[in-house]
Structures are given as C-alpha cells and as structure tokens.
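Chain residues, written in single-letter form:
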Amino acid sequence: MTSQLHPDGTLRHLLTLEGLDRRFIEGLIERAQGYLRPRDSAPARSNALANVTVANLFFEPSTRTRASFELAAMRLGAEVISLDLHLSSRAKGESMLDTIHTLAAMGIDVFVVRDAGPGVPQFVAENLDSPTSVLNAGEAHLSHPTQGLLDAFTIIRHKGRLEGQVITIVGDIRHSRVARSAVQAFSTLGADDLRLVAPAELMPDAHEFAGCQRFEDLDAALPGADVVMMLRIQKERMTGADIPDAAAYFKRFGLSAERLGRARPDAMVMHPGPMNRGVEIAEDVADGRQSVIREQVTNGVALRMAVLEAVGGAIIRSRRPT
Ligand code: CP
C-alpha cells in the first residue's frame with residue numbers, strides 16, 4: 001500500500017487510520033482544537049494554504065463531508081473546486097485515472113475523494129506524483145478517516161480522553177465505514193470497552209472489529225455506556241430484500257429516550273449523519289440535551305482544517321520561488 005507519510009514523517013495522504021500511531025492522531029486533534037471558536041465568534045481563518053488548490057471529487061452523495069472539506073480549505077486560504085460526478089466527463093465514460101491526470105495538469109495539489117468502490121482513494125494516490133495529496137472522504141464500506149477523527153475529537157472534548165470510556169455503537173455496522181474508522185481511532189487512543197449492537201445480518205464478519213463485544217440486544221449493551229453512537233441503515237449497499245422494516249427495526253434497535261435512560265446519565269448521543277429519524281433514533285433523542293450530533297458537524301470543519309494544514313506543509317515547501 002502507498003505510504004501515507006512523506007520520508008520526513010509528515011502526512012502526505014490520509015487514506016485510512018490503520019497504522020497511524022497515537023501521537024500522530026493526538027497531534028491532528030490538537031491542531032483541530034486550535035481551529036475551534038466559540039459559537040458567537042467568527043470562524044478561525046488562516047493563510048496556511050495560500051496558493052494551494054484543493055479539488056473535491058465526490059462520486060457518491062454527501063452533505064457534511066463535502067461542505068466541511070470545502071469550508072475548511074477556504075478558511076485556510078486555499079483555492080477550491082468541487083466536481084459533480086453527474087456533470088463531469090466521467091459520466092461520458094472517462095476513466096478515473098484520466099479524470100485525475102486532467103485535474104493534476106491544472107495544478108491540483110490535494111484531491112479529496114469519495115467513492116462507492118473499495119480502493120479508489122489508494123488507486124488515485126498511487127498514480128500521483130509527490131507531493132500531491134489524497135484525502136479519503138469515504139470509501140465504500142471500508143474507511144472514512146476524517147469521520148473517525150472528528151468522532152474521537154468530539155468525545156475527547158466532552159470526556160477528556162478515550163481511555164476508560166464505554167462506547168456502544170448501534171446499527172448497520174456491517175456496511176459502515178464510519179464504524180470501521182471510529183473503532184480504529186478509538187482503539188488507537190486507548191478505548192477498550194467497545195460494544196457493537198446490530199441484528200445478526202448487519203453484524204460484520206467475525207474476523208473484523210477485533211476486541212469489540214457484540215450484542216444483538218440493545219438494552220443489554222447500554223448499561224454503563226458513556227457514549228452511544230447510532231448509525232443509519234446503509235440501504236445503498238443492500239439489495240431490496242435485505243432492507244429491514246423501519247418500524248420493526250426501531251422497536252428493536254432504535255434509540256428512544258426510555259432506552260437512553262439505561263446508559264449513564266451523562267452519556268453522549270452521537271450520529272455521523274445523515275439521520276433517519278424514527279428509524280435508528282427518536283426525534284427527541286436526536287434533538288435532546290445529550291445529543292452532540294450538531295457539534296460533531298462543527299468539529300468536522302476544524303478537524304478537516306487540521307488535516308488539510310498537515311498535508312499542505314510539504315506542498316508549500318516544494319514550491320520553487322517565482
Ligand atoms: N457523515 C457523513 O459522511 O455524512 P455525509 O455523507 O453527508 O458526508
């Protein structure tokens with residue numbers, strides 16, 4: 001696999017959290033912390049990415065990740081373009097590689113890539129010259145590294161650390177790149193009581209998620225939980241017959257206020273979005289006092305600023321003076 005680091009140890013690509021060590025992840029979270037501002041203040045801005053060009057290539061729908069990468073890049077002073085798959089020449093049959101080389105020829109420095117196919121961000125990274133960077137913005141069911149980082153960042157802001165936290169992750173874990181990246185981040189940062197809750201057909205294969213406890217009964221996985229992370233059913237990765245009935249699913253796996261009462265009184269409720277209210281989470285829980293769902297979105301911009309700044313350093317150092 002392509003190395004994610006430059007020879008000097010700085011970040012070149014962010015393709016996966018696998019293999020990134022604790023200090024590295026803590027460093028990114030610390031940088032993100034520096035980009036947060038009080039709600040009634042102007043957003044943090046800098047010129048850290050002046051003369052750097054970022055391209056958002058989202059070949060799958062997105063609201064949060066795409067908008068937050070765009071805002072993060074703009075707030076760092078970068079030039080930003082966002083390509084819409086349906087309006088790009090890929091819809092006319094152009095290969096991914098030709099699209100990438102076309103954009104690289106225009107001086108793109110950072111490619112932010114989301115694709116439903118496994119291995120696409122790695123493939124793009126393998127085909128670009130240094131110091132051009134690739135940031136994985138969601139890869140099939142496999143990886144969503146900036147989401148894992150922003151989730152860890154959000155927990156740290158509330159609980160101070162990951163060590164000792166009981167984290168219950170509920171829903172369609174089999175198809176969830178969010179769960180995979182979150183568990184990688186949480187484990188690297190010291191969490192060791194991770195509970196997965198899903199119906200048998202939405203539970204990942206046994207060789208995955210080593211060290212996590214598995215439950216089919218949500219009520220049994222909530223006592224003692226400091227964090228309850230809800231996930232939506234990823235219908236786009238299922239055939240029609242596999243999709244559970246929404247009402248029956250909510251009854252067994254939906255987070256109602258009554259159910260949340262089984263977790264610790266200060267338990268945080270998280271959801272990466274998009275939410276399906278009334279399917280995996282009740283309205284009053286999604287909007288309730290324990291919910292940090294909107295805060296996750298806010299933290300996502302700061303975290304993505306930190307990641308962009310980290311890859312921007314080598315790009316800026318590589319510039320020949322004009
Ligand atoms: N959490 C997340 O990836 O949301 P979007 O699909 O809206 O980007």
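Quick caveat: nothing in here was measured; it's all calculated off a predicted structure. (Residues numbered from 1 in each chain as written. Predicted model: local features only at pLDDT ≥ 70, side-chain atom pairs only at ≥ 80, totals over all residues. Heavy atoms only, no water.)

Asker: Mind laying out the site of the ligand, listing which residues take part and the relevant values?
Answerer: Around the ligand, a shell composed of Ser62, Thr63, Arg64, Thr65, Arg114, His144, Gln147, Pro272 and Gly273 is seen. Here Thr65 contributes a side-chain N or O atom positioned 2.6 Å from an oxygen atom of the ligand. Protein contact buries 93% of the 260 Å² of open area that the ligand shows by itself. Taken domain by domain, the shell around the ligand gets at least three of its residues from each of domain 1 (22–142 + 297–319) and domain 2 (145–293). (Near = heavy atom within 4 Å. Polar contact = N/O pair within 3.5 Å; in protein donor to acceptor, adjacent residues only side chain to side chain. Areas by Shrake-Rupley, 256 points an atom, 1.4 Å probe, with all protein chains shown as cover. Domains from an automatic or database assignment.)

Asker: Provide a residue-level description of the sheet that holds strand S8 (residues 227–230), including the pertinent values.
Answerer: One open sheet accounts for five strands, arranged S7-S6-S5-S8-S9; its pairing is parallel. Sheet topology places strand S7 (213–215) and strand S9 (268–270) at the edges, where each strand pairs with a single neighbour. Along the sheet, successive strands turn relative to each other by an average axial angle of 20°, direction set aside. Pairing analysis gives five bridges linking strand S5 (residues 166–170) to strand S6 (residues 193–197), with the strands arranged parallel. Residue pairing in the sheet places Ile169 in a bridge with Leu196 of S6. Sitting on the sheet, helix H5 (residues 145–159) touches S5, S8 and S9, and the angle it makes with S9 is about 165°. (Pairing = 2+ DSSP bridges. Helix = DSSP H or I, 4+ residues; strand = E, 2+ residues; numbered from the N terminus. Axes fitted to C-alpha atoms, helices over the stretch in contact; angles between N-to-C directions. Contact = heavy atoms within 4.5 Å.)

Asker: Explain the pairing of strand S1 (residues 53–58) to me, and be specific about the residues and the numbers.
Answerer: The buried fraction of S1 amounts to six of the six residues, a majority that puts the element mostly inside the structure. The two faces of S1 match: Thr53, Ala55 and Leu57 on one face and Val54, Asn56 and Phe58 on the other face are all buried. Here S1 pairs with strand S2 (residues 79–84) via six bridges, running parallel. Pairing of Phe58 across the sheet is with Asp84, part of S2. Between the parallel pair S1 and S2, the chain is carried across by helix H2 (residues 64–75), and the sense of this crossover is right-handed. (Buried < 20%, exposed > 50% of the residue type's maximum accessible area, 1.4 Å probe, protein only. Right-handed = clockwise from strand over helix to strand, strands pointing away.)

Asker: Mind laying out the side chain of Asp172, listing which residues take part and the relevant values?
Answerer: Relative to the elements of secondary structure, Asp172 occurs in the loop between S5 and helix H6 (177–188). In terms of polar contacts, Asp172 uses its side chain to reach the side chain of His175, at 2.9 Å. Beyond its immediate stretch of four places on either side in the chain, Asp172 contacts Leu202, Leu231, Arg232, Ile233, Gln234, Met238 and Tyr249.

Asker: Requested: an account of the sheet that holds S2, with residues and values cited.
Answerer: Strand-to-strand pairing in sheets goes through backbone hydrogen bonds, with the strands running parallel or antiparallel. Read across the sheet, four strands follow the order S2-S1-S3-S4 without closing on themselves; strand pairing throughout is parallel. With partners counted over all chains shown, the strands left at the sheet margins are S2 and strand S4 (133–139), one partner each. The mean inter-strand angle of the sheet, taken between neighbouring strand axes irrespective of direction, is 15°. In this sheet, S4 lies alongside strand S3 (residues 110–115) in parallel orientation, the contact comprising five bridges. What sits directly across from Val110, in S4, is Ser133.

Asker: Let's hear about the domain arrangement of the protein: which residues, and what values?
Answerer: What the domain assignment reports for the protein is domain 1 (22–142 + 297–319) and domain 2 (145–293). Using C-alpha coordinates to define each centre, domain 1 is positioned 26 Å away from domain 2. With 26 residues of domain 1 at the interface, the matching set in domain 2 holds 24 residues. Where domain 1 abuts domain 2, roughly 2,100 Å² becomes buried across the two surfaces, and 60% of that area is made up of carbon and sulfur atoms. Scanning the region where domain 1 abuts domain 2 turns up three salt bridges. (Buried area = accessible area lost by both parts, 1.4 Å probe. Salt bridge = Lys/Arg side-chain N within 4 Å of Asp/Glu carboxyl O.)

Asker: I'd love a proper account of the packing of helix H1 (residues 22–34) against H5, names of residues and values included.
Answerer: The contact between H1 and H5 brings their axes to 10 Å, and the two run at 70°. On the basis of the axis angle, H1 is roughly perpendicular to H5. Here H1 runs over H5; the crossing is right-handed. Judged by residue contacts, Ile25, Leu28, Ile29, Ala32 and Gln33 of H1 engage Leu149, Ala152, Phe153, Ile156 and Arg157 from H5. (Parallel < 35°, antiparallel > 145°, perpendicular 65-115°, else oblique. Left-handed = near helix turned anticlockwise from the far one by under 90°.)

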